[in-house]
Structures are given as C-alpha cells and as structure tokens.
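Below are the chains, spelled out letter by letter.
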Amino acid sequence: FYNTDDTAMMNYIGLDAHSKTCSLVCLDESDKIIRKAHLETTESQLLSFLRSVAGPKKLVLEESGLSQWLFMLLKDQVDELVVCNPLYLSRNPKAKTDFNDALHLARELKCGHVVSVHHEDSDLMRMRSLISGYQDTVNAMTRAKNQFKAILRKEAINIKTTTVYFDQDIFEKLSNPSDRFVAKGLQDIIVILDALNLRYQAEFIKNGKQNEVLKLLMSIPGIAHVRAHVIASAICSAERFPNKYKLWSYAMLVRHQDQSGGVVLSNRKKYARSDLKGVFMAAALTVIQGESGLKKYYEHLRLKGLEEKKARKAVARKIAALCLSVMKSGRKYCDETITKSFALKDAL
C-alpha cells in the first residue's frame, strides 16, 4: 500500500477505462471535484495522474478486459483499489459520458456502494486467460462440427463415427458443389482447432506437473487437468472463502430466498460463476459412474430417499467443499475420510 496519513482527508478516484483513453475524477471527503483528466490509456499517464494526487486515496474501476492489467499497474499506487461489478452499480441519472461515468464511480465508492470483483497477483489468476482461450477453442470446434454435420444431413449422409470430420472422401457423397465447398472449409477449421486443442491439453499437463495447487485438486475423484485449471483459476486464494457455503454460493450450487415482511418472494441462484457450477456438476457425474468414496456417498444419499437430481447436486457440493479443503490445508484428498461418515446434512 501507499504511505498514508490517518489524519489526512481521503481522496476517492473513479476511473472509466477504455482501450484507447481513460477518464478519471478525484473527489475529496466533501464531494468536491479536486482533479479530473481525460488521458490516453498508457502506463506513464495513469501513474502520473495518481502520483499527482496528494494524501491517501482509494480508486475504483469497473470489471472489464482491462481490469487485471490496470489492477497490476495501479494497486501499489493507492491505499485501496476496488475492481467493481458494474451489474450492481446504481443507475447513473446523468447523461452517459466518460466523465459522468468516472464521477459516478467515485461517488459510489465514497458511499460504499460498490461490490468488488476479486483480483490478485498470482499464477492462478494468470491461468484465467488460458482457460478462456481453451473454452473459446472448444466452443468454436463444437460449432464447426455441428455445421459440418448439418451439411451432411441435408443429403441423408449417415454419420457413425467422429472420424467423419477428417474423412477426405466424404465430399464425394455431396452432390451440391456449394455444399462441398463449405464442408471442405469447415473441415479445414476443424483440423486446425483439433491441433490447437492438443496444444492446450499439453499445456494443462505441463502445468499439472509443476503447480502444487493443481496437483492437490487432481487428487479428488472427478477432477482432471482441465477441471483443475478451471477451479484453481476461479478460486485463486482459498482464504477468501471463509467456509464451504460461500463457495457453494459462488459456484451457484445453492439458492437464496428473497423475503419481505416474512413472505418469501423468490427462490433464486446468486449471479456468480456458472463455469464453476458446470465443472462441479460434471465432476459429480463422473464420480457417480466410477468407484470411490464419493460414489458410496451418492449411494448413501439415494438409500436415504434423496432423489437422483438432488443427490447428484449434493455430490457436486461435496466435491466443491473438498476442493476448498485441499487448497486450504495443502493435503491431498483421502478417500477414507469420505467413507467414514455420510452425514445427510451435507446434502441439504
């Protein structure tokens, strides 16, 4: 942190960041604008502005593609840096301009109305770009394969195996020249994406051998290289979750009740990490099909009368709790700890 003087007035800085330019507004405790600027988005200009503000200061900016770079650049220049979730900001009543957005951010920070998004300086945080690139590759591959199969179905060509995507003779069965042209282009895309996917898998395996957190996560049944990367990069510092219930909420594995006057208005999931939910639910499905203490835990819940869907979600929650536990303790998963006790309360 920057050096501070407890007797000095705090400065509140709102940063509206874009790839080319940034707008900054600095307020004092009395809500007076003491500095404002419209700068190019460069390291030197941003640092120069912050260093020109005397006294203690807090900075807020919205979560975006730039936020991690800005966090790393500016975190040591202020007493507190908040990357906020724009979905939870109140509506700005003024006309939308970069200056008004920065001013609105500064005022929301001053009033304590911003909801922070976690950022940190760690290898796990940097893995998020790797996971994002991999997911984009998988989505593009799925889309290209679906389009390829759709062309073949137009002429009732039977698709029996996945080798059809790499079959050079399949085009002879297409009578429409335009379909052949499009199908060949899609096949070229699939070949390229398949090679890229193999490169990602090799990178995941390399990281799994070097990173201790990934090794711990992969000791849990249902968690392999890709899922371990998703979990580790999403959680980052396990200490930021004081208990498993906070992680369940973050992973959208529990519902929250909205109440007013003692009446339940809605029963909803928190807006959070849907990718974590997908990973934990997929891991639960893998576990159910295998043989482990977690499989016995699932069977125990079913014998107790829990329906299949709820039992599977309970296993997903158990896996999430185990992930948090191994990351905090630094000890690998032990199957015996699951088989010793099957508490139904963990499923509720």
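Above this text is the structure in question.
Just so it is clear, the structure is predicted and the values come from calculations on it, not from any experiment.

Asker: Can you tell me about the overall build of the chain, naming the residues and giving the values?
Answerer: Within the chain, the secondary structure is distributed over 12 helices and 7 strands. A globule of 348 residues ought to have a C-alpha radius of gyration of about 20 Å, yet the chain, at 25 Å, is considerably larger. Within the chain, the fraction of its 348 residues that count as buried is 43%. Of the roughly 19,000 Å² that the chain leaves accessible, carbon and sulfur atoms contribute 51%.

Asker: Any chance you could break down the packing of helix α4 (residues 123-153) against helix α5 (residues 177-210) for me, citing the residues and the numbers?
Answerer: Helix-helix packing is characterised by the crossing angle of the two axes and by the distance between the axes. At a closest axis distance of 9 Å, the pairing of α4 and α5 adopts a crossing angle of 150 degrees. When the interaxial angle is binned, α4 and α5 end up roughly antiparallel. For the element pair α4 and α5, the recorded crossing hand is left-handed. Of the residues assigned to the contact of α4 with α5, the class counts are 18 nonpolar, 7 polar and 4 charged.

Asker: Explain the sheet that holds strand β3 (residues 33-40) to me, using residue names and the numbers behind them.
Answerer: The strand order across the open sheet formed by 5 strands is β3-β2-β1-β4-β5, and the pairing between neighbours is mixed. The sheet terminates laterally at β3 and β5 (80-84), the two strands that pair on one side only. The sheet shows a mean angle of 15 degrees between the axes of neighbouring strands, direction not considered. With 6 bridges connecting them, strand β1 (residues 11-17) and strand β2 (residues 21-27) associate as antiparallel partners. Bridge assignment links Ile13 to a residue of β2, and that residue is Cys26. Running at roughly 170 degrees to β3, helix α1 (residues 43-52) makes contact with β1, β2, β3 and β4 (57-62) of the sheet. Sitting on the sheet, helix α3 (residues 98-111) is in contact with β1, β2, β3, β4 and β5, with an inclination near 140 degrees to β1.

Asker: Go over the packing of aromatic side chains with me, naming the residues and quoting the values.
Answerer: Aromatic ring pairs: the centre-centre distance and the angle between the two ring planes describe each pair. The tally for this structure, following the rule as stated, stands at 7 aromatic pairs. Relative to Trp248, the ring of Tyr245 lies with its centre 5.3 Å away and its plane at 85 degrees, an arrangement referred to as edge-to-face. A residue pair is termed a helical-turn pair when its members lie 3 or 4 positions apart in one helix, as Tyr245 and Trp248 do in helix α8 (residues 244-250) at 3 residues. Chaining the aromatic ring pairs together yields one cluster made of Tyr134, Tyr200 and Phe204.

Asker: Any chance you could break down the pairing of β1 for me, citing the residues and the numbers?
Answerer: Counting buried residues along β1, 7 of its 7 residues qualify, which places the element largely inside the surrounding structure. By the alternation rule, side chains of β1 split into Asn11, Ile13, Leu15 and Ala17 and Tyr12, Gly14 and Asp16, which are all buried. Sheet topology note: the β1/β4 ladder contains 5 bridges and is parallel. Bridged to Leu15 within β4 is Leu61.

Asker: Residue-level account of the layout of surface pockets, with values.
Answerer: Its boundaries defined by the atoms lining it, the largest pocket holds a volume of some 860 Å³. Counting only elements with at least two residues in the lining of the largest pocket, the list comes to β5 and α8. Here the lining of the largest pocket is built from residues that sort into 13 nonpolar, 7 polar and 6 charged.

Asker: An account of the nonpolar core is requested, with residue identities and associated values reported.
Answerer: Nonpolar side chains tend toward joint burial in soluble globular proteins. One finds Leu217, Ile220, Ile223, Ile231, Leu253, Phe280 and Ile319 to be the most contacted residues of the largest nonpolar core, which totals 54 residues. Breaking this core down by element, the ones donating at least two residues are α4, α5, α6 (212-218), α7 (225-235), α8, α9 (274-288), α10 (293-303) and α11 (308-329). At 12 residues, the largest contribution of residues to this core is made by α11. Apart from residues lying up to four places away in sequence, Ile220 is in contact with Ile319, Leu322, Cys323, Val326 and Tyr333. Grouped together as the second largest cluster of nonpolar side chains are 22 residues, Leu24, Val53, Leu59 and Leu70 included.

Conventions used here
- Residues numbered from 1 in each chain as written.
- Predicted model: local features only at pLDDT ≥ 70, side-chain atom pairs only at ≥ 80, totals over all residues.
- Heavy atoms only, no water.
- Helix = DSSP H or I, 4+ residues; strand = E, 2+ residues; numbered from the N terminus.
- Rg over C-alpha atoms; globule rule 2.2 N^0.38 Å.
- Buried < 20%, exposed > 50% of the residue type's maximum accessible area, 1.4 Å probe, protein only.
- Areas by Shrake-Rupley, 256 points an atom, 1.4 Å probe, with all protein chains shown as cover.
- Axes fitted to C-alpha atoms, helices over the stretch in contact; angles between N-to-C directions.
- Parallel < 35°, antiparallel > 145°, perpendicular 65-115°, else oblique.
- Left-handed = near helix turned anticlockwise from the far one by under 90°.
- Nonpolar A, V, L, I, M, F, W, Y, C, P; charged D, E, K, R; others polar.
- Pairing = 2+ DSSP bridges.
- Contact = heavy atoms within 4.5 Å.
- Phe/Tyr/Trp six-rings, centres within 6.5 Å; stacked < 30°, edge-to-face > 60°.
- 1 Å grid on protein atoms, 1.4 Å probe; cavity = no way out; pocket = protein on both sides within 12 Å on 5 of 7 lines; lining within 4 Å.
- Points joined across faces, edges and corners; volume = space filled by probe spheres on them.
- Core = buried A, V, L, I, M, F, W, Y, C linked by side-chain atoms within 4.5 Å.

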